[in-house]
Amino acid sequence: MSTPAVELRHVWFSYGGPVVLEDVSLTVRDGEFLGVVGPNAGGKSTLLKVMLGLLRPQRGEVRVLGRAPVAARRAVGYVPQHLRFPPDFPISVQETVLTGRLGRTRLIGPYTRRDRDIARRVMAEMEVADLAARQLGTLSGGQLQRVLVARALACEPRLLILDEPTANIDMRVETEIFELLRQLNRRMTIIVVSHDIAFISAYVGRVACLNRTLAVHDTAHIDGPLIDALYGSHVHAVEHEHP
Amino acid sequence: MSAFLHALGQYPFLQHALLGGLLASVGCGVVGSYVVVRRIGFLAGGVAHSVLGGMGAALYYGGDPLLGALAAAVLAALAIGLVARYWREQVDTLIAAIWAVGMAVGILFISRTPGYDTELMSYLFGNILMVTPGELWLMAALDGVLLGIVALYYKALLAVIFDEEFATLRNLPVTALFLLLLLMVALTVVLLIQVVGLILVIALLTLPAAIAGHYTHTLRHMMLGATALGMLFTSSGLALSYGPDLPSGATIIVVAGLAYLASALISRALRQWRARRVAVER
């Protein structure tokens, strides 16, 4: 029996106003592909930030890869929802991916040959190798998301956490990215937040439904009434809230 | 122009001035690139202006004004950096306060120090023609420190200014690196005060880097381009001001400002021209 990738026990969190996470308990098994769904402001990003150690819950316990979240960070890759940066920011695709090596490589001096080899390998894996010299701000939305996944893979993670990786890209690219994630899942645990429960059900093994409280379902058991109960209305109304 | 070149061969003070401009350009190119990319121009302006407090105090107590400036710049940078980190809502107000109060303290000290009114003008607007060999050595040393820091921390600083959250998740010492960046700004301000004065520092810290940014795609190239442009502006400003006996600092800034305006228009036109060409080819 291996250590769970993530274990939350009775976690409560609030930013100071209303409760965002209420008594959330969740065990993510090693090697699992877990989807997290729920309405906007339902606490999905907050849940990820608790797992990453960026936020500390007021009550409850969090263990990631058997350790405290901050101590586990080195082995966790993270893909943010919206990376905001000025389009003229002077950084290339390769330099962006290389930043994933930080924390694994020396702090002082340039990147090592090994860092560059790993960056090259993960860029090839995410099919962005031919973009290596491009300025990051010139990429399309789909290309950018692939680069950000490559950056997370450069961390050599055992756990990969993605926050709505396909929120701003079209269906075809979304399918391509999830096919790549399916392959990655053979060697690492993946947690992916999405607003599109119907789409991710085809890929993930279990779905955690989060709307302040959390309930986990096997994807085989997801049906209309469950979705309606989660979102409190018809699911299409929720999809359209995303700009 | 030929009169300037002739004089340059003749007068050591002019050679020192030219060398001072070249030395200052290294700092302004390297650190200016960070200032432009991280968009901390206002913050750098606060550091630059508040150093008058340190210079005034040094004058009053009989110390070296440039060392007073160095101390004040470092203090102001750390204060602003810590506020920007831990008290974000108030950062604008606090930078403005440090900016103005620093200057006010400087004026008070200088008003109590007899016979230094002319020096006040040279602190505010620079006097590169008065630069001494000792100050040139100090400038070279500051350049050495700045280049050393960038050589050691280039990749970590780039990661922090690009995506602070991700840098935090990679366990980088994000706050320490941000403060290091502000310390570099403080050193550069002191470097540039001799050349253009503390009021005009902010232009030399941003304009060359901003122009370089129009044509480069990596931070490294931006730094190189900004350094070269800084050297061009300080040298040509000095040469242009020499004949008609204009204030050199102000001339340098006007040259840089005009170049920035031209570059902004040119790079815009270039972008539109490229976009049109792509559309026609389709």
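Residues numbered from 1 in each chain as written. Chains lettered and ligands numbered in written order. Predicted model: local features only at pLDDT ≥ 70, side-chain atom pairs only at ≥ 80, totals over all residues.

1. A closer look at the overall build of chain B
We apply this condition: Numbering goes from the N terminus for both helices and strands, where a helix is a DSSP run of H or I of at least four residues and a strand is a run of E of at least two. Counting other C-beta atoms within 10 Å of each residue's C-beta, where C-beta atoms are placed from the backbone, gives the exposure class: buried for 20 or more, exposed for 12 or fewer, partly exposed between. We call two residues in contact if the C-beta atoms placed from their backbones are at most 7 Å apart.
Check the secondary structure of chain B and you find 11 helices and 0 strands. Structurally, chain B occupies a C-alpha span of about 70 × 50 × 30 Å along its principal axes. For chain B, the proportion of its 282 residues judged to be buried stands at 49%. Residue pairs in contact within chain B that sit at least 24 positions apart in sequence constitute 75% of those at least 6 positions apart.

2. Side note on the overall build of chain A
Summing up its helical and strand segments, chain A has 9 helices and 9 strands in all. Buried residues in chain A amount to 42% of all 243 residues. Of the contacts formed within chain A by residues at least 6 apart in sequence, a portion of 67% connects residues at least 24 apart.

3. As for the confidence of the model for chain A
All names here are of chain A. Threshold: Each residue carries a pLDDT score, the predictor's confidence in it, ranging from 0 to 100.
Here chain A averages 86 in pLDDT, while 89% of its residues score no lower than 70. Per-element confidence in chain A is highest for helix 3 (residues 93-98), whose mean pLDDT is 96, and lowest for helix 9 (residues 235-239), whose mean pLDDT is 39. Confidence drops under a pLDDT of 50 for residues 233-243, and excluding neighbours within four residues, the segment shows 10 contacts in the predicted structure.

4. Some points on the interface of chain A and chain B
Which entries qualify depends on this criterion: Under this grouping Gly is polar, as are all residues other than the nonpolar Ala, Val, Leu, Ile, Met, Phe, Trp, Tyr, Cys and Pro and the charged Asp, Glu, Lys and Arg.
Between chain A and chain B, the residue contacts involve 22 residues of the former and 22 residues of the latter. For the side of chain A that touches chain B, the class distribution of residues is 13 nonpolar, 5 polar and 4 charged.

5. Description of the sheet that holds strand 1 (residues 6-14) of chain A
As a general point, the strands of a sheet are linked pairwise by backbone hydrogen bonds and lie either parallel or antiparallel. All names here are of chain A. What counts here: A pair of strands is labelled paired if DSSP reports no fewer than 2 bridges between them. Under this scheme, a helix contributes an axis fitted over its contacting stretch, all axes are lines through C-alpha atoms, and angles between N-to-C directions fall in the 0 to 180 degree range.
As summarised here, the arrangement of the 3 strands in space is 2-1-4, forming an open sheet in which the pairing is antiparallel. Pairing within the sheet leaves two strands with one partner each, and these edge strands are strand 2 (19-28) and strand 4 (59-64). If you compare each strand with its neighbour and ignore which way they point, the axes differ by 20° on average. The pairing of strand 1 with strand 2 spans 6 bridges and is antiparallel. Opposite valine 6, over in strand 2, you have valine 28 as the bridge partner.

6. Quick look at the sheet that holds strand 3 (residues 33-37) of chain A
Residues and elements named next belong to chain A. One open sheet accounts for 6 strands, arranged 5-6-7-3-8-9; its pairing is mixed. What marks the edges here is a single partner per strand, and that holds for strand 5 (76-79) and strand 9 (213-218). In this sheet, adjacent strand axes meet at a mean angle of 15° when their direction is disregarded. Across 4 bridges, strand 3 lies against strand 7 (residues 189-193) in parallel orientation. From the neighbouring strand, valine 36 faces strand 7, where its bridge partner is valine 193. Contacting strand 5 and strand 6 (159-163), helix 5 (residues 141-153) runs over the sheet at an angle of about 165° to strand 5.

7. With respect to the pairing of strand 3 of chain A
Residue and element names in this part refer to chain A. Counting buried positions along strand 3 gives 5 out of 5 residues, so the element sits mostly inside the fold. Residue alternation in strand 3 divides its side chains into two sets, Phe33, Gly35 and Val37 and Leu34 and Val36, and both sets are buried. Across 4 bridges, strand 3 lies against strand 8 (residues 206-211) in parallel orientation. Among the inter-strand pairings, valine 36 is bridged to a residue of strand 8, identified as alanine 208.

8. Focus: the pairing of strand 9 of chain A
All names here are of chain A. Two strands pair when backbone bridges link them, and strand 8 and strand 9 are joined in this way by 6 bridges, in the antiparallel orientation. Bridge pairing in strand 9 links arginine 206 to aspartate 218. Linking two consecutive strands that pair antiparallel, namely strand 8 and strand 9, is a turn of 1 residue; a positive phi of about 75° is found at arginine 212 within it.

9. Thoughts on the packing of helix 4 (residues 65-86) of chain B against helix 9 (residues 174-215) of chain B
Residues and elements named next belong to chain B. Put simply, the rule is: Put simply, angles under 35 degrees are roughly parallel, angles over 145 are roughly antiparallel, angles from 65 to 115 are roughly perpendicular, and the rest are oblique. Crossing chirality is assigned from the near helix's rotation relative to the far helix, an anticlockwise turn below a right angle marking it left-handed and a clockwise turn marking it right-handed.
At a minimum axis distance of 8 Å, the contact between helix 4 and helix 9 shows a crossing angle of 150°. It follows from the interaxial angle that helix 4 and helix 9 lie roughly antiparallel. Considering only the axes of helix 4 and helix 9, their crossing is right-handed. Between helix 4 and helix 9, the contacting residues are Leu66, Ala69, Leu70, Ala73, Val74, Ala77, Leu78, Ile80, Gly81 and Arg85 on the first element and Thr175, Phe178, Leu179, Leu182, Leu183, Val185, Ala186, Val189, Val190 and Ile193 on the second. Taken together, the residues of the contact of helix 4 with helix 9 sort by class into 17 nonpolar, 2 polar and 1 charged.

10. A few points about the confidence of the model for chain B
Here chain B averages 90 in pLDDT, while 98% of its residues score no lower than 70. If you check the scores for this complex, the pTM reads 0.88 and the ipTM reads 0.87.

11. With respect to the environment of arginine 101 of chain A
All names here are of chain A. Note that arginine 101 resides in the loop between helix 3 and helix 4 (113-125). Using a count of 24 C-beta atoms within 10 Å as the deciding quantity, one classes arginine 101 as buried. Placed 55 residues apart in sequence, arginine 101 and glutamate 156 show a C-alpha to C-alpha distance of 8.2 Å. Ignoring anything within four residues of it in the chain, the contact list for arginine 101 reads Tyr111, Asp115, Ile118, Ala119 and Ala154.

12. As for the packing of helix 9 of chain B against helix 10 (residues 219-242) of chain B
All names here are of chain B. Contact geometry of helix 9 with helix 10 gives a least axis separation of 8 Å together with a crossing angle of 130°. With respect to helix 10, the element helix 9 is oriented oblique. As for how helix 9 packs across helix 10, the hand of that crossing is right-handed. On the side of helix 9, the interface is formed by Val195, Leu204, Pro208, Ala209, Ile211, Ala212, Gly213 and Tyr215, while helix 10 contributes Met222, Gly225, Ala226, Leu229, Gly230, Phe233 and Thr234.

13. What about the environment of leucine 152 of chain B?
Relative to the helices and strands, leucine 152 of chain B is located in helix 7 (residues 133-162). Separated by 25 residues in sequence, leucine 152 of chain B and leucine 177 of chain B have C-alpha atoms that sit 12 Å apart. Apart from residues no more than four positions distant in its own chain, leucine 152 of chain B is found in contact with Ile108 and Gly109 of chain A.

14. What to know about unusual backbone geometry
For arginine 212 of chain A, which is not glycine, the phi torsion reads 75° and is therefore positive. Its location among the elements puts arginine 212 of chain A in the loop between strand 8 and strand 9. Assessed through the 17 C-beta atoms surrounding it within 10 Å, arginine 212 of chain A is described here as partly exposed. Not every positive phi belongs to a glycine, and asparagine 171 of chain B is a case in point at roughly 65°.

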